[in-house]
Amino acid sequence: MTYIIIDLEWNGAYARRTRGYFNEIIEIGAVKMDDSLQLVDSFHAVIRPVVSRKLSSIVQDLTGIEEEELEDGMPFSRAVSQLRKWITDPEAVIMTWSTTDLIVMLENCRYFLREEHIPFMNRYADLQAYFQNRMGTGSAQQISLGKACEMLEISDQELDLHRALDDSILSGKIFAKIYEAKSFEHQTFYADSEFYRRLTFKVSVVNDISSEHVKISDLRFSCEDCNRMLNRIGEWRFRNRAFCADFLCRGCNRKYTARVQIKLKYSGAETNRTLIPHAEEIAEKESKADDL
Ligand SMILES: [Zn+2]
């Protein structure tokens, strides 16, 4: 088995051709690891940007890459074909730290190669997701490469964080420390059409209260104090990416604002409900309690 870990640096630019924001890859770094998780080879390519020659100051500050350095770079298409030759093994598992790099790679393949798939990839694993899974950190918050190194006590002192090759070397060290055959198999996917549908799926928020994704039970709340069903005393409004409405408990006179957010994910609709008691109601209640 061959494991390939890829890291990218890119520059945000406005692309006239697609009339939109585009993350143009300017550097590819990769490491190759064998069955025994030894780092056996590395790959590095600097790419001369064509969508925008001007590097954003954020990218310059973060990576330390200079515009002059990119002038000597190669076209993206050549970098990809060199990378493909370097990978050699068509069954190699390609990894990136979070799918962000993978999505950017796909966007660049679409833009420059007019390919709908990443030409050098048949199998993929998200190393960040695998790390979080192995460390039991949950998936709510994404953990940065630097933080992961810290957690595993991997020194990044002699390496340049945010340069593609050094970041891929660090990722390789992380992989070697956390790898376990069975759990890794569950994290590895074939890059078929379903994989790409999932990868490029855009999560959206339901903004129409009459949508089929809004269930009646999503819009019903009961009092936190007396458990009685609350009465809605205002219209549902869509605000801050969620439906909001005021409610009243006829039992204890308590007022609430309910917030319901319904996200459409690839796996289906996900509903988040919160009930916020009104402050003055609490104050009133507390002062009543004081009187007693
Ligand atoms: Zn009540």
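Counting restarts for each chain: residues are numbered from 1 in the order of the written sequence. Predicted model: local features are reported for residues with pLDDT of at least 70 only, side-chain atom pairs are reported and counted for 80 or more only, and whole-chain, interface and lining totals are derived from all residues.

Participant: How should the overall build of the chain be read in this particular structure?
Facilitator: Summing up its helical and strand segments, the chain has 10 helices and 12 strands in all. The globule rule puts the C-alpha radius of gyration for 292 residues at 19 Å, and the 25 Å found for the chain is more than 25% above it. For the chain, the C-alpha atoms occupy an extent of roughly 75 × 45 × 35 Å along the three principal directions. Looking at the chain as a whole, 26% of its 292 residues qualify as buried. In this description, a residue-residue contact is defined by the distance between C-beta atoms placed from the backbone, which must lie within 7 Å. Intrachain contacts of the chain at a sequence separation of at least 6 include 61% that bridge at least 24 residues. Put simply, DSSP H or I for four residues or longer makes a helix, DSSP E for two residues or longer makes a strand, and each gets a number counted from the N terminus. The quantity called the radius of gyration is restricted to C-alpha atoms. Its globule counterpart is 2.2 Å times the number of residues to the power 0.38. Residue burial is a threshold on neighbouring C-beta atoms within 10 Å of the residue's own C-beta, all placed from the backbone, with 20 or more meaning buried, 12 or fewer meaning exposed, and counts in between meaning partly exposed.

Participant: Before we go on, may I ask you to explain the nonpolar core in this structure?
Facilitator: One broad rule of soluble globular proteins: the nonpolar side chains tend to lie buried together. We define a nonpolar core as a collection of buried residues of the types Ala, Val, Leu, Ile, Met, Phe, Trp, Tyr and Cys that are connected via C-beta atoms lying within 7 Å of each other. Judged by nonpolar contacts, the single largest core of 45 residues is most densely connected at I4, I5, I28, M95 and L127. Look past the residues within four positions of L127 in its chain and what remains in contact with it is I5, M95, T96, W97, S171, I174 and F175. Formed by 10 residues, the second largest nonpolar core is a distinct cluster that contains V206, C223, A258 and V260.

Participant: So what exactly am I meant to see when it comes to the domain arrangement of the chain here?
Facilitator: Accessible area lost upon the coming together of the parts is a frequently used measure of interface size. Just so you know, the domain bounds were taken from an automatic or database domain assignment. For the chain, the domain assignment lists domain 1 (3-200) and domain 2 (204-291). The C-alpha centroid of domain 2 is placed 42 Å from the C-alpha centroid of domain 1.

Participant: What exactly am I supposed to notice about helix α4 (residues 99-113) here?
Facilitator: Think of an α-helix as turning once every 3.6 residues; residues three or four places apart then point the same way. Take the number of residues in a helix, subtract one, and multiply by 1.5 Å to get its expected span. The end-to-end C-alpha distance of α4 is 20 Å, a good match for the 21 Å that 15 residues give at a rise of 1.5 Å each. Turning to α4, its buried residues number three or more, namely D101, L102, M105, N108 and C109. The arc that holds every buried residue of α4, seen down its axis, measures 125°, which confines them to one face. The inward-facing, buried residues of α4 abut β1 (3-15), β2 (20-33), α3 (76-87), β4 (93-96), β5 (123-126) and α9 (193-200). R114 occupies a position one or two residues after α4 and carries a positive phi of about 55°. Summarising the geometry, the arc corresponds to the directions from the helix axis toward the C-beta atoms.

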